[in-house]
Amino acid sequence: MKPLSEQNHYEILEIPRTASPQEIERAFRLARETYSEGSLAGYSVFGEGEVSALRERAETAFRVLSDPEAREVYDASLVAAEAPEVRGAPAPEPIQAPPAPIEPFEEIDEESGEYDGARLRRCRLRRGIELEDIAGITKINPSYLLFIEEERFKELPAAVYVRGFVSSYASCVGLDPRLVSVSYMKRLAAAPAERGRSRFSR
Amino acid sequence: MSTEVRFDTGARAVRVIPVGGGKGGVGKTFLVANLASALARLGFRVVAVDGDLEGANLHTCVGVPQPPVSLADFVAHREEDLQKLLIETPTPNLQIIAATRSNLAVPQPSHARRVRFVRELRQIPADFVFLDLGAGMHPAVMDYFMVGEEGIVVITPEPTSVENAYAFMRAAFYRRLRLAMVSHDVRKIVTTAMDERNERGIRTPFDLMREVETVDPEEGARFVATMRAFRPRIVINEVRTAEDIRLGFAVGSVCRKYFGIETEYLGYVNHDETARRAVRERRPLGPAEPGSDAAVYIDRIARKLASERPRASAAIRDLPLDEPTPDPR
């Protein structure tokens, strides 16, 4: 365990030395969010100066580690700095096991192959994507995206549009658009009562 | 279910898992009731214990309207055998110990009673014993958080909950540290550090570790070992956005950087109207509650717990409870 002042770039970003560029970027984004001004996780623990210092450390770390050449030089300097310790007394075991890369949650085992709104939302959330992100990419009205997840079928436009929305949604969260839209449209078709009912019945 | 994972439900030591979080209303009881039900459905023998003598409602969440006996009987010495307080629930494999009908004048058990309670908890014939802690940081609550393997801290994505969770983990951590320290002088330093406005300028566990190492290197080593062994699990409840999910990692990062402690992000549960309805209807979520998202998330957490090896070292598990605190009487 080391105080912040003695932590190297990897420790600051909480990633193993072998982290891939994707892991580095993900870790940096998380650090930037965690140590942003007034962040939910940090505001009650860190003072104002501490947060900005941490953010700067994270930014420096990212600048170095995201540049392959700079990273190579930096790695070499780390190895050089550690060498004497290896020869002398064994270095104390660090308290931090290399943290797991930030993608800990496996896909939930789904029992059926059906893609309903809730499952779409689970897939989206697990990948850290907000509805606004999808709306930004696809230019689909975010309320329609929400209605798709909540299966508020009667508030959605004609089926032909919904099919398009659902496949765009699926591509955005990394699912097979055809598989998902076929499955979702089956659900939509099977819920005719929902569509006929008055808006005021809910 | 073709992909059913087979869990080893054979006999082994009971896993006692306390569930706390400092703040009320974050879903501790909801999580205990449904996690316990989910594990029971996976074939484990599960007991959920309501440790909230001042706001007991676990029984309601698992569909037991009027518990005939309760932990209050144990606290008041009306019943000495904790196992006689076990009550069946509508869910097979799931039993509870309720906390109803407590003596409002003396709701919390005395220190001696707490020691006894913890010992009895570990004797319950089950695979999992969940202990639903009340809100707040009463010494009894903090002691219970250390009874078994690492407890679960429930957080919702709101400032009050996050603040309370840190305060809770800080209190649990310092309490455990003080117990692990042998030397009287070092214990005193830890006690001083527990006051956030202490005069020695000890702000973080890092500072405290330095201080302890300077005073007594041997205790310093124990300090680091204790720090390393303390590994609370985090569950984020009432998740609505992807940012809410990342809160679990962010809290973990803050704990690591500021407190020097590792946490395990056990999982998150979606904000779900079906879940609210289940609470209102006084029952746990069904095995495949139609349209309930929360049930899917809780099931994932249950499977993760089931597939993990029990973690706590014997050393931690056998720690005594903290020294008696005067009972407010």
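Rules of the game
Residues numbered from 1 in each chain as written. Chains lettered and ligands numbered in written order. Predicted model: local features only at pLDDT ≥ 70, side-chain atom pairs only at ≥ 80, totals over all residues. Helix = DSSP H or I, 4+ residues; strand = E, 2+ residues; numbered from the N terminus. Buried ≥ 20, exposed ≤ 12 C-beta atoms within 10 Å, placed from the backbone. Contact = placed C-beta atoms within 7 Å. Expected span 1.5 Å × (residues − 1). Domains from an automatic or database assignment. Nonpolar A, V, L, I, M, F, W, Y, C, P; charged D, E, K, R; others polar. Arc of directions from axis to C-beta. Right-handed = clockwise from strand over helix to strand, strands pointing away. Core = buried A, V, L, I, M, F, W, Y, C linked by C-beta atoms within 7 Å. Pairing = 2+ DSSP bridges. Axes fitted to C-alpha atoms, helices over the stretch in contact; angles between N-to-C directions. Parallel < 35°, antiparallel > 145°, perpendicular 65-115°, else oblique. pLDDT = per-residue confidence, 0-100.

A look at the overall build of chain B
Across its full length, chain B holds 13 helices and 8 strands. Taken over 329 residues, chain B has a buried fraction of 53%. Sequence-distant contacts in chain B: of pairs separated by 6 or more residues, those separated by 24 or more amount to 75%.

Here's the deal with the overall build of chain A
Helix and strand counts for chain A come out as 10 helices and 0 strands. When the 202 residues of chain A are sorted by exposure, 27% land in the buried category. A separation threshold of at least 6 residues defines the contact pool for chain A, and within that pool the share at least 24 residues apart is 53%.

Notes on helix 12 (residues 293-307) of chain B
The terminal C-alpha atoms of helix 12 of chain B lie 22 Å apart, and with 15 residues this matches the ideal 21 Å at 1.5 Å per residue to within 8%. Within helix 12 of chain B, 11 of the 15 residues are buried, which leaves it mostly tucked inside the rest of the structure. Among all positions of helix 12 of chain B, only B:Asp293, B:Ala294, B:Ala295, B:Val296, B:Tyr297, B:Ile298, B:Asp299, B:Arg300, B:Ile301, B:Ala302 and B:Leu305 are buried. Elements that come into contact with the buried residues of helix 12 of chain B comprise helix 5 (117-126) of chain A together with helix 1 (28-41), strand 7 (233-239), strand 8 (264-270) and helix 11 (273-280) of chain B.

What to know about the domain arrangement of chain B
How big an interface is tends to be stated in terms of the accessible area lost upon association of its parts. Residue and element names in this part refer to chain B. According to the domain assignment, chain B contains domain 1 (14-149 + 272-310) and domain 2 (154-267). Summarising the inter-unit geometry, the C-alpha centres of domain 1 and domain 2 are found 25 Å apart. Listed per partner, the contact involves 17 residues of domain 1 and 18 residues of domain 2. Counting residues per element, the ones that place at least two in the side of domain 1 that touches domain 2 are strand 1 (15-20), helix 1, helix 5 (139-145) and helix 12. Ranked by residue count, the leading element in the side of domain 1 that touches domain 2 is helix 12, at 4 residues. For the side of domain 1 that touches domain 2, the residue count by class is 9 nonpolar, 4 polar and 4 charged.

Section: the interface of chain A and chain B
Taken together, the contacts link 29 residues of chain A with 32 residues of chain B. Per-element accounting of the side of chain A that touches chain B gives the leading share, 4 residues, to helix 2 (residues 21-34) of chain A. Looking at side-chain class alone, the side of chain A that touches chain B contains 17 nonpolar, 6 polar and 6 charged residues.

Brief notes about helix 4 (residues 111-121) of chain B
Given 3.6 residues per helical turn, the α-helix brings residues three or four places apart onto the same face. All names here are of chain B. Here helix 4 has its buried residues at Arg 114, Phe 117 and Leu 121. Relative to the axis of helix 4, the buried residues are bounded by an arc of 60 degrees and lie together on one face. Exposed positions of helix 4 whose direction lies more than 90 degrees from the buried face are Ala 112 and Arg 119. Check the buried side of helix 4 and you find it contacts strand 1, strand 2 (46-50), helix 3 (71-75), strand 5 (128-132) and helix 5.

A word on the environment of B:Ala56
Residues and elements named next belong to chain B. Residue placement: Ala 56 occurs in the loop between strand 2 and helix 2 (58-61). Distance in space between the C-alpha atoms of Ala 56 and Ala 99 is 5.2 Å, their sequence separation being 43 residues. Residues in contact with Ala 56, not counting those within four places in the same chain, are Asp 50, Ala 98, Ala 99 and Thr 100.

Side note on the pairing of strand 8 of chain B
With 6 of 7 residues buried, strand 8 of chain B lies mostly within the body of the structure. Once you follow strand 7 of chain B into helix 10 (residues 242-259) of chain B and on to strand 8 of chain B, the crossover reads as right-handed.

A look at the domain arrangement of chain A
If you check the domain split of chain A, you get domain 1 (4-87) and domain 2 (117-201). The centre of domain 1 of chain A, based on its C-alpha atoms, is set 38 Å off from the matching centre of domain 2 of chain A.

Side note on the nonpolar core
Among the nonpolar cores identified, the biggest contains 125 residues, and B:Ala48, B:Phe130 and B:Leu131 are the most heavily contacted of them. Dropping the residues within four chain positions of it, B:Leu131 is found in contact with B:Val16, B:Ile17, B:Pro18, B:Val19, B:Val49, B:Gly51, B:Leu121, B:Tyr144 and B:Val147.

A look at the sheet that holds strand 4 (residues 94-97) of chain B
Backbone-to-backbone hydrogen bonds join strands into a sheet, with any given pair of strands oriented parallel or antiparallel. Residues and elements named next belong to chain B. Across the sheet, which stays open at both edges, the 8 strands sit in the order 3-4-2-5-1-6-7-8 with mixed pairing between neighbours. Sheet topology places strand 3 (87-88) and strand 8 at the edges, where each strand pairs with a single neighbour. Bridge analysis of strand 2 against strand 5 gives 5 bridges, and the strand direction is parallel. Directly across from Val 49, in strand 5, lies its bridge partner Leu 131. Seen against the sheet, helix 1 touches strand 1, strand 2, strand 4, strand 5, strand 6 (152-155) and strand 7 and runs at an angle of roughly 170 degrees to strand 5. Each of strand 6, strand 7 and strand 8 is contacted by helix 10, which is oriented at about 155 degrees to strand 7, the strand it contacts most.

Looking at the packing of helix 7 (residues 142-150) of chain A against helix 8 (residues 159-172) of chain A
All names here are of chain A. Remark: helix 7 packs on helix 8, axes separated minimally by 11 Å, with the N-to-C direction vectors making an angle of 85 degrees. Taken together, the axis directions place helix 7 and helix 8 in an arrangement best described as roughly perpendicular. Of the residues in helix 8, those touching helix 7 at Tyr 144, Leu 145 and Ile 148 are Phe 165, Val 166 and Tyr 169. Along the lines of polarity and charge, the residues of the contact of helix 7 with helix 8 split into 6 nonpolar, no polar and no charged.

A short note on the pairing of strand 7 of chain B
Residues and elements named next belong to chain B. Across the 7 residues that make up strand 7, a large majority, 7, are buried. Both strand 6 and strand 7 contribute to a ladder of 4 bridges, which runs parallel. Bridge pairing links Val 153 to Ile 234 in strand 7. For strand 7 and strand 8, the ladder comprises 5 bridges, and the chain directions are parallel. Residue pairing across strands places Val 235 opposite Gly 267, the latter belonging to strand 8.

Things to note about the confidence of the model for chain B
Residues and elements named next belong to chain B. Considering every residue of chain B, the mean pLDDT works out to 83; 86% of them sit at 70 or more. Below pLDDT 50 for its whole length, residues 313-319 participates in 6 contacts with residues either more than four positions away or in separate chains. For the stretch residues 325-329, pLDDT sits under 50, and the model shows 4 contacts to residues farther than four places along the chain or on other chains. We note a pTM of 0.84 for the whole complex and an ipTM of 0.77 for its interfaces.

Points about the confidence of the model for chain A
Taken over all residues, the pLDDT of chain A has a mean of 82, while the share at 70 or more is 79%. Every residue in residues 90-102 of chain A scores below 50 in pLDDT, and together they form 19 contacts with partners more than four places removed in sequence or on other chains.

With respect to the environment of B:Val239
All names here are of chain B. Secondary-structure assignment places Val 239 in strand 7. Separated by 47 residues in the primary sequence, Val 239 and Thr 192 have C-alpha atoms spaced 37 Å apart. Residue contacts for Val 239: discarding those within four places in its chain leaves Pro 157, Asp 244, Ile 245, Tyr 268, Val 269, Asn 270 and His 271.

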